[in-house]
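Here is how the chains run, residue by residue.
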Amino acid sequence: MNELLFFISFVICAFTLFFCYKFLGKRGLYGYIALASMLGFITSFRIAPISKFNTLISIPIYISIFIAIYVLIEKENKKAVYTGVNLAFATSVLFAGLLLILIYYVPLVTNILSIDITTVFQERLRLVAIYPIVLYGSLSASVYFYNLLKRNYKSMFISAILTCVLIQLLDTLVLVGVGYVAIMTSKELVQLIMVSYAFKLMISILYIPVLYMTNRVKRVEA
Amino acid sequence: MNELLLIVEIIVIFVFLLYFCKQFRELGLIIWMILMSIISNILCLKIVNIFGFDISLGFVPYVSIFIAFNIYIQRCGIKNLYKIITCVILSLIFSYFIIYLSSLYLSGMLNINNNLSYTKLFEIDTRLVISSLISLAISLYLNGQIYYIVRKVKNKMWLSNLLSIIVVQFLDTILFILIYFLGNLPIIDIALMMVIRYTFKLIIGIAATGIIYKGNRLLR
């Protein structure tokens, strides 16, 4: 069941990313990046077992942000790439700020949903604080490494995979390591980091055909 | 405490709106509308007491959607009205679907309490989805038309904003609350909820007139 949901999330994100670029050009990708940054943030609060291994369910949507940035690197100029990175950062900072405000509002004690929403986000205060920084750092580093590898290898596959191998390792270490440190044992934390990293690599490989397909789309100015 | 947080929320939202406007121009305003439509749907799950009234959060981001839209129309007119409304509604459907999928995952033993709270929180409420989508689509369309017509006739930003906010927020509040709550709550509670929600939205909408002037200057 969970495996299927994980795969469906990946398929939906892949199609949405592709069609955003196909029909709306780089503006569509900007919209997608902002949307995915926020949805990746929300879903990173949920952990579920995929093939008996606990992992973050936000991985398919989170990785799609990086794929969208790779498309911008391949198809657009440097300014467009940094606009995408800044947009992801601004969106996640805005959402983190609003979540912090949401947490500190005193809920009505008679309303269970109000207490639940406070609980979900309050227990992961560290994750709320660190997500925008990690996302911005990872995206900026990805842009740097992707460009570096692109100059040397001229292959999208190699650039995307090698960038992912390096950047997602650091990203997972910091995001999961800091975001979840106080709410699980160190053994569980190490397992979560390793499994999340493995799933990120797998999903990145699955996204490669989407990267190639999107790269073949003619530039559209909406 | 809650009143103070409301002021902080208003400041944060309008500062960020101006930042999006300055940094990402017209596209930033459209992205803002998309983001805020999703955020307001998440925040509205929490009910708090402000100035002695019980009210669900999310009305500040919701009003900011219309402020962003008014800045956009002031600058670009309504030639892209349908495209923008379609983009906002499709993005909202996409995000509902992704969040709904995330609530369907079966929980493991790791961090079980938090996972159960998350699932309960984001289980889809079909009535909420339908009421949000319908009221938002109709309100955006009416807002665009009213703002544009008043701008054409009088060419005063404050008047266009004032009239569009008064009319559209009134219809939006009635539409949303009737579709979502009718049959679940007594009529008197529904009427009271409408009055409170409309009053809060009206105050914020009118107070944000200065943001439209500032946003418009930033886009020049």
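Residues numbered from 1 in each chain as written. Chains lettered and ligands numbered in written order. Predicted model: local features only at pLDDT ≥ 70, side-chain atom pairs only at ≥ 80, totals over all residues. Heavy atoms only, no water.

Peer 1: For this particular structure, what's the right way to read helix H7 (residues 187-207) of chain B?
Peer 2: Along an α-helix, a turn takes 3.6 residues, which lines up residues three or four apart on a common side. Residue and element names in this part refer to chain B. In this model H7 runs 30 Å from its N-terminal to its C-terminal C-alpha over 21 residues, within 8% of the 30 Å that 1.5 Å per residue would give. Residues Ile 190, Met 194, Ile 196, Arg 197, Tyr 198, Phe 200, Lys 201, Leu 202, Ile 204 and Gly 205 constitute the buried set of H7. The inward-facing, buried residues of H7 contact helix H1 (2-43), strand E1 (47-50), strand E2 (53-56), helix H2 (59-76), helix H6 (157-181) and helix H8 (209-219). (Helix = DSSP H or I, 4+ residues; strand = E, 2+ residues; numbered from the N terminus. Expected span 1.5 Å × (residues − 1). Buried < 20%, exposed > 50% of the residue type's maximum accessible area, 1.4 Å probe, protein only. Contact = heavy atoms within 4.5 Å.)

Peer 1: When you look at a nonpolar patch on the surface in this model, what are you seeing that I'm missing?
Peer 2: A surface patch of nonpolar side chains, about 450 Å² in accessible area, is lined by A:Leu166, A:Leu169, A:Leu170, A:Leu173, A:Val174 and A:Val178. For A:Val178, the location among the structural elements is in helix H6 (residues 156-179). (Patch = residues over 30% accessible without salt bridge, like charges linked within 9 Å, V, L, I, M, F, W, Y side chains within 5 Å. Areas by Shrake-Rupley, 256 points an atom, 1.4 Å probe, with all protein chains shown as cover. Salt bridge = Lys/Arg side-chain N within 4 Å of Asp/Glu carboxyl O.)

Peer 1: Honestly, the side chain of B:Ser102 in this entry has me stumped. Any pointers?
Peer 2: Positionally, B:Ser102 belongs in helix H3 (residues 81-104). Using a relative accessible area of 2% as the deciding quantity, one classes B:Ser102 as buried. In contact with B:Ser102, not counting residues within four places along its chain, are A:Thr43, A:Arg46, A:Ile57 and B:Tyr118.

Peer 1: Before we go on, may I ask you to explain the interface of chain A and chain B in this structure?
Peer 2: You'll often see interface size given as the accessible area lost when the parts meet. Taken together, the contact between chain A and chain B spans 62 residues of the former and 56 residues of the latter. Approximately 5200 Å² of surface area, both sides summed, lies buried where chain A meets chain B, with 76% of it carried by carbon and sulfur atoms. Among the residues of chain A in contact with chain B, A:Arg46, A:Leu94 and A:Tyr105 are the three that bury the most area, contributing 15% of the side total. Our count for the chain A to chain B interface comes out at 0 salt bridges. (Buried area = accessible area lost by both parts, 1.4 Å probe.)

Peer 1: I keep staring at the pattern of salt bridges and nothing clicks. Help me out?
Peer 2: Think of it this way: side chains of opposite charge can pair up when their charged atoms draw near. All names here are of chain B. All chains considered together, the criterion is met by 3 salt bridges over all chains. Between Glu 26 and Arg 75 there is a salt bridge; the shortest N-O distance is 3.6 Å. Of the two residues, Glu 26 is situated in helix H1 and Arg 75 in helix H2; the sequence distance between them amounts to 49 residues. Take Glu 26: its relative accessible area is 21%, and that puts it in the partly exposed class. For Arg 75, a relative accessible area of 40% gives the class partly exposed. Ionic pairing is found between Lys 201 and Asp 172, a salt bridge with its closest N-O pair at 2.8 Å.

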